[in-house]
Amino acid sequence: VESRLCQDGGKVKPRQSCILGFSTRASSLFLDDGAESFGFDSEGHFVGAGQWSQEQLYSPFSPYNSVYGVLLNLDPSSPNANTVSLFRDGVRISKPQPVPEAMRGQVLYPTINYKNMTLHVNFGPSSFTTMPFACRMLQDAAAADIEAAAAAKAKASAKQEVLFPVGLPDEGTFGWLDDFLKENPQYSELSNRSLLNWGLKSGLYRKAGAWSNSNDSPLMDFGVRELDDYSLLSTLQQSLAPMLQRDYVVMQVKNNLLAEERKKALTSYDGDSFKRVAVVIMGEPPEAFKAKARSQALEAKRRKVGDEVRKEKEAEAQARKEKRSVAVADKHRAAAEKKAEEAEKAEGEEGAEKKDEEAEPAEEPEEDIEAAVKKAEEAVQLTAEEEKAQWFLQQSSEDLVKKDLGRSFASFSIPDKAEGFDEVRYAWQDAPKAAEYLKAWISERKLTQRVEDIQPGAYFKQMHEEWQVKLAEWKRRHGESRAARWKQPVTKRRKVHEKKKEEEKKEEDEEKQERAEKKEEDEEPKAEDETKEEDGETKDAAAKEAEERKEVEEEEVETEESQIKLDDVEPFRVEDINDIGNGQPLYANFTWEDWIMANLRFELHLLVHAYRIDLNDEERPSFGEAHLQHYYQKYFRKTFTSKNFGVASNLELIGLIKDTLEALPKNNILEAQLAEDTPMDNFIRLAEDHRRERQQAYDAGDEMAKLNLQREAHPQAGGGGRDNRQRMPPQQQQQQQQQQQQYGGRQQHGYGAAAQHAMPQRGFDGGHHAAPPGYPSRAPAYGVPAGHHPVPYGYGAMPSGMPSQRVGAGTAQGSRGPAIGQPARYGP
């Protein structure tokens, strides 16, 4: 009658389409879906048993003034028996097409699919147009040629049924539904899955790469708003479905497991018109269901083995083929060389050719690859453990995306009549067993499923802030301690230098005095000479005694300070980690790696305890190592990567700090080794103990004791430039290292990418942390230049013999000086 152009916001313009044909009672309503339907479409193609004709068989349908008819010939005496033909205005326009074998002998129903057009349908008794032969219409068919369907039996209740399946995700819910609909075709499925199939079979196209991401909420991506945002399903349930006298199955996995969502869904189906039934599908399924799951698992296992065997046999066949090709080529090359030598003898040439032809190697019989694959597949069987564990059908897509599951699974419940249901049925196991199964399932998921909406609580915020303050203070003390240790040898060298000058001056004075005394020997009496000599000896003895007393005092001070050595102090026996008894902190020998490891210990310790406190659930004492990155990002607002610590996995990283955290062997759940009220300085003690163990192992020749941490680069002051040392030529860097060793004492082995030097730098990075030795740090605006040690000689002054590098006014890129003056720059 007419055709239309429908638009969706100007995005989609679906064309008109129509298919005229037949289908069986059990087939889909779509004529191109399944093996039990066939028809002629409006574009000139025939579809039978799901297969379309490759070529156009007739001209496309023309609207407004044409009559199209389908002729079904089931007359066994006709030469065109069991065929179907298409007519236009009484003229056959297509050759007779065979009825699919699966449909012969079955009752066939006239079926019409159409979109964006209006049709005037005629089943008789008269035809709209004149036919070239006698043909009865469907309404005028002989009784022997039709089967009248018996009237549907009246239900005991006038109400229609609406079922709400309640099953756990990925545990056979959709498998149960498919079996139920096959056995009960009078029920219509209301789900996003059914809408997706409806759209695809109606000719809608999804965007490239848009495939199902879950069975409960598949990604539509048709470009049709009502389908893409899932609002069409709500519209059907609230408006259209209740008006039709049909039986429904409302299939929404997540909503059917939540009590509040079940109550909302029930409001769309009036209790006077519908019997509202909840069907619980939980626990161990029936044996028939498990047998189907095992059969599917066996088929998948055989298919995998078959693919491997096929690949192997094809590779062997290709190798044999290449080997034969090489052999034939070598033989032909040898024959050609021989033929060239005997080119003058014609008879010899003919004889050689015949000999070569006779000597061609016979091809080995090719092994039947498909036979080998079939044999290998037949030999595959499921093990007893696989059979025991295989309860549910394997699906290509999960029922719920993990994010939705993590947010809602703790609220899953079994329905009750008090919610508004007329009946609660249990399809697999009875109510007590189903409830017990659900409780165990939730408890297991609490240990393995991550929580999506968790947020840091007050305990975490308080402890984290307190740790940051203490860590900054420890790093500040660490920088001051290292600066003081560097300054001590410089002061000692200056004293030695001054003492040497005094001795030289004293010797010079003595020489002058001797010359003067010798000159006066002849002029003064002998008695006076003796008196002067005695006075000189007295002065020399007093000076020598004062010098010896001074040396003894210095030695006593040095001896007293050296009585307490850091490596001899037990980390957990020191009362104050900021002073082990000689003014040194316990963390005096920390490198940047040790600070990172101490911080890692505290952060993961705090994370596990904060998770337990914030959830306040006895069944969730901790989380699995696989979710460490997720919760770290939730709490600390930054990403966590195990590779930054020189390891390949979270388990390897936890092995480095097993004194703080462990992963349980059964399920890799993280378990804190320290109480939540553990003093924060204990993490410094643990890091120091770990540092000593690594140092001892490294000194013993164990290269594996090194850490391989990656340190984030911090921007420098004065424009955020890179450190000047990174731009130094290798020769200048080597010279600078030699100067450091010359004016700073020993060089100690470090771990990872940096070495610890006896001439540390002093300063703080952007987070108020002391800069590790040998690395640049940000410069403060005033005061001691960051990256330097205190200069006791004023700006620009240098110790004797030390190299200097002047920096102009202001901070240049990569400079370590303050923003004022011209501070001298020295050290590594």
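Everything numeric in this text was worked out from a predicted model, so none of it was measured.

1. A short note on the overall build of the chain
Right, so step 1: Summing up its helical and strand segments, the chain has 19 helices and 22 strands in all.
Right, so step 2: If you take every contact in the chain between residues at least 6 apart in sequence, the share linking residues at least 24 apart comes to 68%.
Right, so step 3: When the accessible surface of the chain is totalled, it reaches about 49,000 Å², and 49% of it is carbon and sulfur.

2. Details of the sheet that holds strand E16 (residues 423-426)
Hydrogen bonds along the backbone pair up the strands of a sheet, which may run parallel or antiparallel.
Right, so step 1: Read from one edge to the other, the open sheet built from 5 strands follows the order E13-E14-E12-E15-E16, with strand pairing classed as parallel. With one partner strand each, in any of the chains shown, strand E13 (187-190) and E16 form the two edges of the open sheet. Between one strand axis and the next, the sheet turns through 25° on average, direction left out of account.
Right, so step 2: Note that strand E12 (residues 160-167) and strand E15 (residues 274-281) share 8 bridges and pair parallel. Bridge pairing in E15 places Val166 opposite Val280.

3. Section: helix H18 (residues 681-699)
Right, so step 1: Across its 19 residues, H18 extends 27 Å between first and last C-alpha, which sits within 8% of the 27 Å expected from 1.5 Å per residue.
Right, so step 2: After H18 finishes, the residue Gly701 shows a positive phi value of roughly 100°.

4. Details of the pairing of E15
Right, so step 1: Summarising burial for E15: 7 of the 8 residues are buried, a large majority.
Right, so step 2: Where E15 and E16 come together, 4 bridges link them in parallel fashion. What sits directly across from Val279, in E16, is Arg425.

5. Remarks on the nonpolar core
Among soluble globular proteins, nonpolar side chains are generally buried collectively.
Right, so step 1: Phe164, Tyr269, Met282 and Phe412 are the most contacted members of the largest nonpolar core, which totals 54 residues.
Right, so step 2: Residue contributions to this core peak at 6 residues, all from E15.
Right, so step 3: Setting aside anything within four residues of it in sequence, one finds Phe164 in contact with Val250, Asn256, Ala265, Leu266, Tyr269, Val277, Ala278, Val279 and Phe421.

6. A few points about the sheet that holds strand E5 (residues 51-52)
Right, so step 1: With respect to topology, 5 strands assemble into an open sheet ordered E5-E4-E3-E2-E10, the strand pairing being antiparallel. Of all strands in the sheet, those with a lone pairing partner are E5 and strand E10 (109-115), marking the two edges.
Right, so step 2: As defined by bridge partners, strand E4 (residues 46-48) adjoins E5 across 2 bridges and the pair is classed as antiparallel. Residue pairing across strands places Gly48 opposite Gln51, the latter belonging to E5.

7. Points about the packing of helix H2 (residues 192-201) against helix H4 (residues 231-243)
Right, so step 1: Relative orientation of the contacting elements H2 and H4 amounts to 110°, with a least axis distance of 10 Å. The pairing of H2 with H4 is recorded here as roughly perpendicular in orientation. On the side of H2, the interface is formed by Asn192, Leu195 and Trp198, while H4 contributes Leu232, Leu233 and Leu236.
Right, so step 2: Classifying every residue of the contact of H2 with H4 gives 5 nonpolar, 1 polar and no charged.

8. Thoughts on the side chain of Gln237
Right, so step 1: For Gln237, the location among the structural elements is in helix H4.
Right, so step 2: Ignoring anything within four residues of it in the chain, the contact list for Gln237 reads Leu190, Pro242, Val250, Gln252, Ser268 and Tyr269.

9. Quick word on the pattern of salt bridges
Right, so step 1: Evaluated as defined, the whole model comprises 37 salt bridges.
Right, so step 2: Here Glu161 makes a salt bridge to Arg425, at a shortest N to O gap of 2.7 Å. Of the two residues, Glu161 is situated in strand E12 and Arg425 in strand E16; the sequence distance between them amounts to 264 residues.
Right, so step 3: Relative accessible area serves as the criterion here: at 26%, Arg425 is assigned to the partly exposed category.
Right, so step 4: Notably, a salt bridge pairs Glu398 with Lys402, separated by 3.3 Å at the nearest N-O pair.
Right, so step 5: Taken together, the salt bridges that share partners define one network made up of Glu161, Lys275, Glu423 and Arg425.

10. Some thoughts on the confidence of the model for the chain
Right, so step 1: Mean pLDDT over the chain works out to 78, with 73% of the residues at or above the 70 mark.
Right, so step 2: The secondary-structure element of the chain with the lowest mean pLDDT is strand E22 (residues 824-825), recorded at 36, while E16 shows the highest, at 96.
Right, so step 3: Overall, residues 354-359 carries pLDDT values under 50, and its contacts beyond four positions in sequence, including any with other chains, amount to 2 contacts.
Right, so step 4: Ignoring residues within four places in sequence, the model shows residues 743-828, a span with pLDDT below 50, making 223 contacts including any to other chains.

What counts as what
Each residue is numbered by its place in its chain's sequence as written, counting from 1. Only residues with pLDDT of at least 70 get local features here, since the model is predicted, and only at 80 or more are side-chain atom pairs given and counted; chain-wide, interface and lining totals rely on the full set of residues. Calculation of side-chain values draws on the structure's entire complement of heavy atoms; hydrogens and water are dropped beforehand. Elements are defined by DSSP. Helices are runs of H or I of four residues or more, strands are runs of E of two residues or more, and each kind is numbered from the N terminus. The contact definition used throughout considers only heavy atoms, calling two residues in contact when any of these lie within 4.5 Å. The method behind every accessible area is Shrake-Rupley, applied with a 1.4 Å probe, and residues are considered shielded solely by the protein chains displayed. Only strands that DSSP links by at least two bridges are regarded as paired with each other. Every axis in this analysis is a line fitted to C-alpha atoms, fitted for helices over the stretch in contact. Angles between the N-to-C directions lie between 0 and 180 degrees. Under the convention used throughout, the expected extent of a helix is 1.5 Å for every residue step, that is, one less than its residue count. Classification of residues uses two cut-offs on accessible area relative to the type maximum, computed with a 1.4 Å probe and protein chains only: under 20% is buried, over 50% is exposed, and between them is partly exposed. In this description, a nonpolar core means a group of buried Ala, Val, Leu, Ile, Met, Phe, Trp, Tyr and Cys residues linked to one another through side-chain atoms lying within 4.5 Å. Angular relationships are summarised with four words: roughly parallel below 35 degrees, roughly antiparallel beyond 145, roughly perpendicular across 65 to 115, and oblique for the angles in between. In this count, Pro and Cys sit with the nonpolar residues alongside Ala, Val, Leu, Ile, Met, Phe, Trp and Tyr, while Asp, Glu, Lys and Arg are called charged and the others, Gly among them, polar. The working definition used for a salt bridge is a side-chain nitrogen of Lys or Arg within 4 Å of a carboxyl oxygen of Asp or Glu. Values of pLDDT, the confidence the predictor places in each residue, fall between 0 and 100.

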